[in-house]
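# A look at the structure
So the chains spell out like this:
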Amino acid sequence: MSVQLDRTTYQDRLNEGKAAYAAGDPSDACPYSMYGSVEDRFGYRYWTKGWSMARSEAEAQQPAEASAGQ
């Protein structure tokens, strides 16, 4: 079975990572392996990118006062 590494798959992996962040999963919960097959490495790269994007978006939405007190 071969996965097409295209824009649709890229967007799917980003969305999976964002959903995982929203569900409270840690960044190391990625179901793909950075040392596996080409498909796994592709999935790992974009899943973690999606997770990071969701985290950044969530941090940007926090009020500045909350982060200033830390």
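Look a little higher up for the structure.
Here the structure is a predicted model, which means the values were calculated and not measured.

### Observations concerning the side chain of arginine 13
Following the sequence through the fold, arginine 13 ends up in helix H1 (residues 7-22). Accessibility expressed as a relative area gives 13% for arginine 13, which makes it buried. For arginine 13, the side chain forms a polar contact with the side chain of glutamate 16, separated by 3.2 Å.

### Quick word on the packing of aromatic side chains
Under the defined criterion, the tally for this structure stands at three aromatic pairs. Between tyrosine 10 and tyrosine 46, the aromatic rings sit 4.8 Å apart at their centres with planes inclined by 80°, giving edge-to-face as the arrangement. With tyrosine 10 in helix H1 and tyrosine 46 in helix H2 (residues 38-61), the pair connects residues that are 36 residues apart, well separated along the chain. Residue tyrosine 46 is classed as buried on the basis of its relative accessible area, which comes to 13%. Members of the aromatic cluster, connected to one another through ring pairs, are Tyr10, Phe42 and Tyr46.

Here is what the cut-offs are and how they apply
- Residues numbered from 1 in each chain as written.
- Predicted model: local features only at pLDDT ≥ 70, side-chain atom pairs only at ≥ 80, totals over all residues.
- Heavy atoms only, no water.
- Helix = DSSP H or I, 4+ residues; strand = E, 2+ residues; numbered from the N terminus.
- Buried < 20%, exposed > 50% of the residue type's maximum accessible area, 1.4 Å probe, protein only.
- Polar contact = N/O pair within 3.5 Å; in protein donor to acceptor, adjacent residues only side chain to side chain.
- Phe/Tyr/Trp six-rings, centres within 6.5 Å; stacked < 30°, edge-to-face > 60°.

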